[in-house]
Amino acid sequence: MNAPWPRRPRLVAGNWKMNRTASEGAALAGELRALTAAAPRARIALCPPFTALAAVNAALAGTPLLLGGQNLHAEAAGAWTGEISGSMLAAAGCRFVIVGHSERRHGLGEDDALVARKLKAAQRDGLTPIVCVGETLLEREGDRTAEVLVRQVRACYEGLDADAARATVIAYEPVWAIGTGKVASPAEAADSHRLIRATLDRVVRPGLGAEIAILYGGSVNPGNAASLFASDEIDGALVGGASLEAASFWRIVAAAG
Ligand code: PGA
């Protein structure tokens, strides 16, 4: 059984997406392992592709680095060709699983209802979900950022009790900032984080928003991480491209304190 997830921890998570074979992943994890002697304050998670989980888990043994999956199926088991369940991820050593990433919402047709089911499936199987929310460029330009964030948060958190809600992490990832090199300013990110917290207060319980870690994601790199983390609203980062090299990922981890 996993230790309870602390109140609003700092977390830097690397989302490798569809990159790195098992042996490449083990090599990258090994490089990161060598850097953990520097004992960062932030918690660190790596989310490799499914096929690299076992090798990365072995390479991380004895380090404080945690493992996460990038997706799970909402059902516990059964005839779902090509899918992976939460219990399989947990058995592979995962502590986390990413749900609702925009590449799955927009590229693979996952809607709010499915993301909400995946959040519950992750918790059923003992995983801490990293719940991604964020607006597209069209939605931002149409002044619909608030509407989209409220809808996405509400769909996932309505009906959850405070303990279940607290055992999640949120990643605010504006879609226009993912993989584009266009990072949200710390002020833009902080505005969205405040809105997400206010929505949690309304939907789950007053004061709950202040207890949940909200990461920023979208073109985080060693050059912009410190200014993002300087905001009290930003509890860490979900890092894509810059997590694929040990040196750049570690500089982001170090910036988190
Ligand atoms: P990026 O990806 O850092 O490459 O923009 C972030 C993410 O999609 O989680």
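Here is what the cut-offs are and how they apply
Residues numbered from 1 in each chain as written. Predicted model: local features only at pLDDT ≥ 70, side-chain atom pairs only at ≥ 80, totals over all residues. Heavy atoms only, no water. Core = buried A, V, L, I, M, F, W, Y, C linked by side-chain atoms within 4.5 Å. Buried < 20%, exposed > 50% of the residue type's maximum accessible area, 1.4 Å probe, protein only. Domains from an automatic or database assignment. Near = heavy atom within 4 Å. Polar contact = N/O pair within 3.5 Å; in protein donor to acceptor, adjacent residues only side chain to side chain. Areas by Shrake-Rupley, 256 points an atom, 1.4 Å probe, with all protein chains shown as cover. Nonpolar A, V, L, I, M, F, W, Y, C, P; charged D, E, K, R; others polar. Helix = DSSP H or I, 4+ residues; strand = E, 2+ residues; numbered from the N terminus. Pairing = 2+ DSSP bridges. Right-handed = clockwise from strand over helix to strand, strands pointing away. 1 Å grid on protein atoms, 1.4 Å probe; cavity = no way out; pocket = protein on both sides within 12 Å on 5 of 7 lines; lining within 4 Å. Points joined across faces, edges and corners; volume = space filled by probe spheres on them. Contact = heavy atoms within 4.5 Å. Buried area = accessible area lost by both parts, 1.4 Å probe. Salt bridge = Lys/Arg side-chain N within 4 Å of Asp/Glu carboxyl O.

Hey, could you run me through the nonpolar core in this one?
Where a protein is soluble and globular, its nonpolar side chains tend to be buried together. The biggest cluster of nonpolar side chains holds 65 residues, and the ones touching the most others in it are Val12, Leu46, Tyr157 and Tyr216. Split by domain, this core shows at least three residues from each of two domains, domain 1 (1-93) and domain 2 (136-237). Of all hydrophobic cores here, the second largest spans 14 residues; its members include Ala45, Phe96, Cys132 and Leu215.

Is there a simple way to think about the site of the ligand in this case?
Residues in contact with the ligand amount to 13 residues; listed here are only the nearest, Lys17, His101, Glu173, Gly179 and Ser219. Glycine 241 places a polar main-chain atom, nitrogen or oxygen, 2.8 Å from an oxygen atom of the ligand. For the ligand, the accessible surface in isolation is 280 Å², of which the surrounding protein chains cover 95%. Of the residues in the shell around the ligand, the class split is four nonpolar, seven polar and two charged.

What am I meant to see in the pairing of strand β2 (residues 43-47) here?
Taken residue by residue, a regular strand's side chains alternate between the two faces of the sheet. Buried residues dominate β2, accounting for four of its five residues. Summarising the sheet, strand β1 (residues 11-15) and β2 pair through five bridges and their orientation is parallel. Across the sheet, residue valine 12 finds its bridge partner in β2, namely isoleucine 44. As defined by bridge partners, β2 adjoins strand β3 (residues 66-69) across two bridges and the pair is classed as parallel. The residue of β3 that forms the bridge with alanine 45 is leucine 66. Traced from β2 through helix α2 (residues 53-60) to β3, the parallel crossover comes out right-handed.

How should I be thinking about the pairing of strand β8 (residues 236-239) in this particular structure?
Of the two faces of β8, the one holding Gly236 and Leu238 and the one holding Ala237 and Val239 are both buried throughout. Note: β1 against β8, four bridges, orientation parallel. Each bridged residue has a counterpart across the sheet, and for leucine 11 the counterpart in β8 is glycine 236. Pairing between strand β7 (residues 214-217) and β8: two bridges, direction parallel. Its bridge partner lying in β8, tyrosine 216 is registered against alanine 237.

Just to check I follow, could you spell out the layout of surface pockets for this structure?
Remark: the empty space left among the atoms is shown by a probe the size of a water molecule rolled over them. The volume enclosed by the largest pocket comes to roughly 360 Å³. Taken together, 15 residues line the largest pocket, and the ones lying closest to its centre are Lys17, Met18, Gln70, Asn71 and Arg104. The class makeup of the residues in the lining of the largest pocket is six nonpolar, five polar and four charged.

Looking at this structure, I do not really get the domain arrangement of the chain. What am I missing?
Note: interface size is frequently given as the accessible area lost on complex formation between the parts. Per the domain assignment, the segments making up the chain are domain 1 (1-93) and domain 2 (136-237). For domain 1 versus domain 2, the distance between C-alpha centres works out to 22 Å. The interface of domain 1 with domain 2 comprises nine residues on the first partner and 17 residues on the second. Approximately 1000 Å² of surface area, both sides summed, lies buried where domain 1 meets domain 2, with 47% of it carried by carbon and sulfur atoms. The largest contributions to the domain 1 side of the interface with domain 2 come from Arg8, Arg10 and Leu11, which together make up 56% of the buried area. At the junction of domain 1 with domain 2, the criterion picks out one salt bridge. Of the charged contacts, one joins aspartate 235 and arginine 8 as a salt bridge, the two residues approaching to 3.0 Å between their closest N and O atoms. The interface formed by domain 1 and domain 2 includes eight residue pairs in polar contact (both at pLDDT 80 or more). Among the residues making up the side of domain 1 that touches domain 2, the classes are represented as five nonpolar, no polar and four charged.

Help me out: how do you make sense of unusual backbone geometry in this one?
Across residues other than glycine, the phi torsion is negative in most instances, and most of the peptide bonds are trans. Of note in the backbone geometry, lysine 17 takes a positive phi value of approximately 55° without being a glycine. Tracing the sequence through the fold places lysine 17 in the loop between β1 and α1 (22-35). Of note, arginine 20 is a non-glycine position whose phi angle comes to about 85°, a positive value. The topology assignment puts arginine 20 in the loop between β1 and α1. Classification of arginine 20 as partly exposed rests on a relative accessible area of 27%.

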